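# Working through the structure, step by step
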Amino acid sequence: MGASDNKHDTDSNKDNESQKAKLPYPRSIPFIIANEFCERFNFYGMRTILALYLTQKLSFSEDTATVIFHLFTTMVYFMCIFGAIIADSWLGKFKTILYLSIVYVTGSCFLTVGAIDPWNMPQRTFTFIGLALIALGSGGIKPCVSSFGGDQFKIPEQAKQLAWFFSLFYFSVNSGSFVSTLLTPILRDDVSCFGNEDCFSLGFFVPAALMAISIVIFVAGSFLYIHKPGGGNMMVKVSKCVWSGIRGKMKNGKTNPKAHWLDHAVDNYGQQLVDETKILLNVLLLYIPLPIFWTLFDQQGSRWTFQATRMDGDLGFYTIKPDQAQVINPLLILVFIPLYEMIFYPLLNLVGIRRPLQKLVMGGVLAGVAFFVSFLLEMQIMKSYAVVPQSGEAQLRVFNTMNCDYNLAVNGSQSILVKSLEKWENLDYTGVENAQLRYTMTSKTTDCPNFSGNFEIKSAEATSYFMHGTGNAAKVQKYVDDPEKTSNGNAKVRFLANTATKVSLREKGVVKLERESGNSTIGEVSNGEYELFVGESKQGEAFALKIGGVYTIAVNKVGSKTDFEIFEITQPNGVNMLWIIPQYVVMTLGEVMYSVTGLQFSFNEAPQSMKSVLTGCWMLTIAVGNLIIVFIAEAKMFNEQLWEFLMFAILMWVDMALFAILAWRYKSIPIKSDEDYERERLEMEEKEHGLEKIPVKMGENDTNEE
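Note that the coordinates shown come from a computational prediction; the quantities given were computed from them, not determined experimentally.

## Examining the overall build of the protein
Each helix and strand in the protein was counted, giving 17 helices and 16 strands. Taken along the three principal axes of its C-alpha coordinates, the protein extends 130 × 55 × 50 Å. Among the 706 residues that make up the protein, the fraction classed as buried is 50%. Of the contacts made within the protein by residues no fewer than 6 positions apart, 72% connect residues no fewer than 24 positions apart. For the protein, the distance from the average site of its 61 positive side-chain charges to the average site of its 70 negative ones is 2 Å.

## Points about the layout of surface pockets
The space that makes up the second largest pocket amounts to roughly 1100 Å³. Surrounding the second largest pocket, 26 residues form its lining, Glu-62, Arg-310, Tyr-385, Glu-484 and Asn-639 being those nearest its centre. When contributions to the lining of the second largest pocket are tallied by element, the ones reaching two or more residues are helix H3 (62-91), helix H11 (303-309) and helix H16 (641-665). Counted by class, the lining of the second largest pocket contains six nonpolar, nine polar and eleven charged residues.

## With respect to the packing of aromatic side chains
Each aromatic ring pair is described using two quantities: the centre-to-centre distance and the angle formed by the ring planes. Under the criterion given, the structure shown has 39 aromatic pairs. Measuring from centroid to centroid gives 5.3 Å for Phe-43 and Tyr-44, while their planes differ by 85 degrees, and the two rings are edge-to-face. Owing to a relative accessible area of 1%, Phe-43 belongs among the buried residues under this scheme. Seen from their ring centres, Trp-294 and Tyr-594 are 6.1 Å apart, and the 80 degrees between their planes marks the pair as edge-to-face. Here Tyr-594 lies in helix H14 (residues 581-605) and Trp-294 lies in helix H10 (residues 291-297), a separation of 300 residues in the sequence. The class for Trp-294 is buried, based on a relative accessible area of 5%.

## Quick look at the packing of H3 against helix H4 (residues 93-114)
Between H3 and H4, the least distance of the axes is 8 Å, while the angle of their chain directions is 130 degrees. In terms of orientation, H3 and H4 fall into the oblique class. As for how H3 packs across H4, the hand of that crossing is right-handed. Listed contacts from H4 to Gly-83, Ile-86, Ala-87, Asp-88 and Leu-91 of H3 are Lys-93, Lys-95, Thr-96, Tyr-99 and Leu-100. Residue composition of the contact of H3 with H4, by class: five nonpolar, two polar and three charged.

## Side note on the confidence of the model for the protein
Put simply, the protein has an average pLDDT of 87, and 92% of its residues get 70 or more. Long-range and interchain partners of residues 1-9, a stretch whose pLDDT sits below 50, account for two contacts in this model, where long-range means more than four residues apart. Low pLDDT, under 50, characterises residues 696-706; the predicted model gives this stretch two contacts beyond four residues in sequence or across chains.

## Concerning the sheet that holds strand S1 (residues 393-400)
Spatially, the four strands line up as an open sheet ordered S4-S1-S7-S8, and their pairing is mixed. Two strands close off the open sheet at either side, each with one partner strand: strand S4 (422-430) and strand S8 (475-481). Put simply, the sheet's adjacent strands are angled 15 degrees from each other on average, direction ignored. Bridging between S1 and strand S7 (residues 461-468) involves seven bridges; their strand directions are parallel. Note that in S7 the partner of Leu-396 across the bridge is Thr-463.

## Description of the pairing of strand S2 (residues 406-410)
Strand residues, when the strand is regular, have side chains that alternate between the two faces of the sheet. In terms of burial, S2 is a largely internal element, four of the five residues being buried. Between S2 and strand S3 (residues 416-418), which follow one another and run antiparallel, lie five residues, and Asn-411 among them has a positive phi close to 55 degrees. Two elements, S2 and strand S5 (residues 434-443), share five bridges in a ladder whose sense is antiparallel. Bridge assignment links Asn-407 to a residue of S5, and that residue is Thr-442.

## Some thoughts on the state of the cysteines
Summed over all chains, the structure comprises two disulfides. Residue pairing for Cys-193: its cysteine sulfur links by disulfide to Cys-199, the two sulfurs lying 2.1 Å apart. Measuring handedness by torsion sign, the sulfur bridge of Cys-193 and Cys-199 sits at about 105 degrees and is right-handed. Here the two residues Cys-193 and Cys-199 agree in accessibility, since each one is buried. Here Cys-404 connects covalently by a disulfide to Cys-448, the sulfurs 1.8 Å from one another. Here the disulfide of Cys-404 and Cys-448 is right-handed, its torsion about the S-S bond being about 70 degrees. Here the residue Cys-404 occupies a position in the loop between S1 and S2, and Cys-448 occupies one in the loop between S5 and strand S6 (451-458), the gap between them amounting to 44 residues. With a relative accessible area of 5%, Cys-404 lands in the buried category. Sequence-ordered numbering of the bonded cysteines in the protein gives a pairing of 1-2, 3-4. The closest cysteine sulfur to the non-disulfide-bonded Cys-80 is located on Cys-144, 8.9 Å from its own sulfur. You can call Cys-80 buried: its relative accessible area is 2%. With no disulfide of its own, Cys-241 lies closest to Cys-617 among cysteine sulfurs, the gap being 14 Å.

What counts as what
- Residues numbered from 1 in each chain as written.
- Predicted model: local features only at pLDDT ≥ 70, side-chain atom pairs only at ≥ 80, totals over all residues.
- Heavy atoms only, no water.
- Helix = DSSP H or I, 4+ residues; strand = E, 2+ residues; numbered from the N terminus.
- Buried < 20%, exposed > 50% of the residue type's maximum accessible area, 1.4 Å probe, protein only.
- Contact = heavy atoms within 4.5 Å.
- Lys, Arg positive; Asp, Glu negative; His and termini not counted.
- Charge placed at Lys NZ, Arg CZ, Asp CG, Glu CD.
- 1 Å grid on protein atoms, 1.4 Å probe; cavity = no way out; pocket = protein on both sides within 12 Å on 5 of 7 lines; lining within 4 Å.
- Points joined across faces, edges and corners; volume = space filled by probe spheres on them.
- Nonpolar A, V, L, I, M, F, W, Y, C, P; charged D, E, K, R; others polar.
- Phe/Tyr/Trp six-rings, centres within 6.5 Å; stacked < 30°, edge-to-face > 60°.
- Axes fitted to C-alpha atoms, helices over the stretch in contact; angles between N-to-C directions.
- Parallel < 35°, antiparallel > 145°, perpendicular 65-115°, else oblique.
- Left-handed = near helix turned anticlockwise from the far one by under 90°.
- pLDDT = per-residue confidence, 0-100.
- Pairing = 2+ DSSP bridges.
- Disulfide = S-S within 2.5 Å.

This is the structure we're talking about:
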């Protein structure tokens, strides 16, 4: 070209650069970022305490609570497809986000109202309605918010600003998760309301309020938003194209064979959609093993939270709540993402791990390592498990709260001395359904009466008897004990009081547990230092009741003299909760490598028109992963949690071996441009009509050879 042409190109480039510089950062973006922070605060805050709410307030078992938790998560990610379809094909992104956010906050309100005990609402019904509405709202808006934010930018002029938006967006997601995961357990456990020591309703209400605020913020920016019309939902188009290919293969496969079964859909949907669908399916073949990673990853909110309830969160200056352990993940994500780019990936390059599919395998392997670490941790936790009788087993305990020592003989055995404020126990009765054991209790002095009769024991039951009273009113009273630890980490305390005087536990002068009626009262108290009061008289020195411990406090008051003894029925949690950090660290290392790399690889491999479809399919892998947890939890394959952790670790490693084979066999399909398809179309028309190729006129200084 001549000098004038070069000058023109230079001026044009300067104009383009000037245009990029003049385009301001969209003023609507702060509203979208703030909206996302509030929405994520709501979702993760609610989900953080959900598993404990299901066990502690709705009385579901850990297995059932795990099933409900992961069915809810499955619904959330299945609803992503629904949200994408109605946004692209019907309402548009803005209205979809607005309407489904209203559904979302309604569900949060149902959950909150159901948790308010004095209102006597059907708690389980309100909980399930609330979770269903939250799944519809949260899942429905999930694929819309980030893409709606992307619509606010003019591409390619604002490509760098768009990249900065996605960084801010990801930061707001993890910031909302971090703050809510830290705060909602405090609201749940450290605030008392409606006569309860805890306040789940407040733990649900604050996230619900943030969700309502997110709607206000989103609507406040409506006058600034750029609304781009949907071009029809590509997920629907792809599904129809695949179905057309299958039908064509079934009907015409023998009479009109094609190189690929999808080629049967060309007449209905065109060559470009068929080719791009082939590329999509080629990538999706790699997706088959991916759900297993999410099967492991999402158990941070269920199985790992329940594992934390079996640990000691006492740091001396602060007691970590079991559900607060989940805060480690978003915190580490914010730290690890820059570290990966600066340190981890360069180190992996040195050992030959450079390609995206290699990094995906590495991320999955790390998830398996995380569960193997949780398996090793559970082995240590088991040492402080409660000894609970199973079917065919029984336990028997006898407490002496009298002022005399007794000789106890059971079923004619040699008598055993049980002193005042001591206990005798046998925790190893086996082969038991219902049995009666003949006993005699002979007082060592004439001040107390003798007793005789039958101890009744039953299969899978911890039976206890205690002696109390004076003179002719003295008796042996039966109760069924509960040696199982609490699901919230509190200490469980039972009073056995041989006195009519009020007995209470006080912490810094505040009554925390009091004998309400009769001689045997059981309740829960949090980890701490307590003092025993009989009436208004303090007894002895303060003593510690620790996380997960099950205690029986025997009290004997004769005249002005009061004695008491504390029995440890089940030892407190013996492993500090800080030991749960390593498995979270390894899991988060795997998550960043797996999730970020996987999406990046898939987006690079897929055609531009298929990227939204790919996002929906990625969400489906998360949904399927949570569904796998439901099936495994329902199967109840193991009696002890540690074997399930080991099974998941092995399953993850086997799954990654399968993925490595698929990755090794994977062949990338080149992506054609629109210009390529236009050229092929013209060539096809020329062949059909027998036309000669029309010469293309080049620049005036060029020659055209025919």
